[in-house]
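Working through the structure, step by step
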Amino acid sequence: MQSPKTAVARWVMALLACLFVLMPSAYGDACTPVGADYCVCEMGDGKGIDLRPVGSTWSGWFQAGDGMEYAWSPCRGTLDFGPECTADTGAALCQGPTTRFSLGKVTSASFDVARTVTPTRTTLTYTGGDAERKAVVTLVCMQEQNSFIFTGEEPALNYQFTYTGPSACISSDPDKPEEHHDVTVSISAGSVMLIIFFVGLAFYFVVGALFMRFGRHAEGSEVVPNKSFWTGLPGLIKDGGLFLISPCRGGGSEKAYEQL
């Protein structure tokens, strides 16, 4: 039978693991490409990003600050700057114009939507370019603008761009992007869980401290509810961590824990 100390340590590690899993969803939502063109994506709630209106707006060469020229078309099969950048190679972004390189394939498009910021920002990543080149396009929701710019190469062979325009806005209907003033900020499940956790923790301390102060007439640090538990929490976390990694260090887990 496990000791109370073992049970608490395991409970603490499980709670921390759950929070670790939930935290990424508080910052971005995966948006899965749908359709054959790879320029429309959809999230779990049915909303998404539709870049089809962008079409071939920037499919011709445009001058960038690094002395190179670039061409972008988010939908499949529209670039034609052979032989490296053609519909056959499936390039989404090309670097040129003299020596031409593909910066990533349309079919590799990966969308990550940050809906908790205003204006909405989406990270669109392309991989599979020539000589391991890749491109990251930051999509910024803005109704009154329509621009596509090169922002840098950092690190080497990783090209950064920013598209600002209405097609970067979250849309309930793929063919009708939402107006900027109608864009609502939605909260992911991870954000809700984190808010509930921290609000509950604050409520626990406030109510607990009031009870200890006026119910039990505690003073100083003694007003902290369950003080012995909280002061011993770092040690419990350490013990829980050692318990989790003990199988990797050899020996049975129960035997390893008894040595703590």
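Analysis parameters
Residues numbered from 1 in each chain as written. Predicted model: local features only at pLDDT ≥ 70, side-chain atom pairs only at ≥ 80, totals over all residues. Heavy atoms only, no water. Pairing = 2+ DSSP bridges. Helix = DSSP H or I, 4+ residues; strand = E, 2+ residues; numbered from the N terminus. Axes fitted to C-alpha atoms, helices over the stretch in contact; angles between N-to-C directions. Expected span 1.5 Å × (residues − 1). Bend = angle between axes of the 7 residues up to and from the residue. Buried < 20%, exposed > 50% of the residue type's maximum accessible area, 1.4 Å probe, protein only. Contact = heavy atoms within 4.5 Å. pLDDT = per-residue confidence, 0-100. Disulfide = S-S within 2.5 Å.

**Observations concerning the sheet that holds strand β9 (residues 121–126)**
- Spatial strand order, β3-β2-β1-β8-β9-β10-β12-β11: 8 strands in an open sheet with mixed pairing. Two strands in the sheet have a free side with no partner beyond their single neighbour: β3 (48–50) and β11 (147–153). Pairs of neighbouring strands in the sheet enclose a mean axial angle of 25°, with direction left out of account.
- Two strands pair when backbone bridges link them, and β9 and strand β10 (residues 134–141) are joined in this way by 6 bridges, in the antiparallel orientation. Considered in β10, the bridge of Leu124 is made with Val137.

**Structural notes on helix α3 (residues 227–245)**
- End to end, α3 covers 28 Å across 19 residues, agreeing with the expected 27 Å (1.5 Å per residue, within 8%).
- Along α3, the sharpest change in direction is near 50° and occurs at Leu233; proline Pro234 comes one to four residues later.
- If you check which residues of α3 are buried, you get Leu233, Leu236, Asp239, Gly240 and Phe243.

**Here's the deal with the side chain of Thr125**
- Structurally, Thr125 is set in strand β9.
- Thr125 gets classed as buried once you look at its relative accessible area, which sits at 18%.
- Once you skip the residues sitting within four places of it in the chain, Thr125 turns out to touch Ser108, Ala109, Ser110, Lys134, Ala135 and Val136.

**Description of the confidence of the model for the protein**
- Averaged over every residue, the pLDDT of the protein is 77; residues scoring 70 or more account for 73%.
- Every residue in residues 4–9 is under pLDDT 50, and counting partners more than four places away or in other chains gives 10 contacts.

**Considering the state of the cysteines**
- For the structure shown, the criterion picks out 3 disulfides.
- Here Cys31 is linked by a disulfide to Cys41, with a sulfur-sulfur distance of 2.1 Å. Classification of the bridge connecting Cys31 and Cys41 rests on its S-S torsion, roughly 90°, and on that basis the disulfide is right-handed. In this pair, Cys31 sits in strand β1 (residues 29–34) while Cys41 sits in strand β2 (residues 40–42), placing the two residues 10 residues apart along the sequence. Each of the two residues, Cys31 as well as Cys41, counts as buried.
- Disulfide partner of Cys141: Cys169, at an S-S distance of 2.0 Å. As the torsion about the S-S bond is roughly 85°, the Cys141-Cys169 disulfide counts as right-handed. Taken together, the positions of Cys141 in strand β10 and Cys169 in the loop between β12 (158–165) and α2 (189–215) put the pair 28 residues apart, joining distant regions of the chain. As far as the burial class goes, Cys141 and Cys169 line up, both buried.

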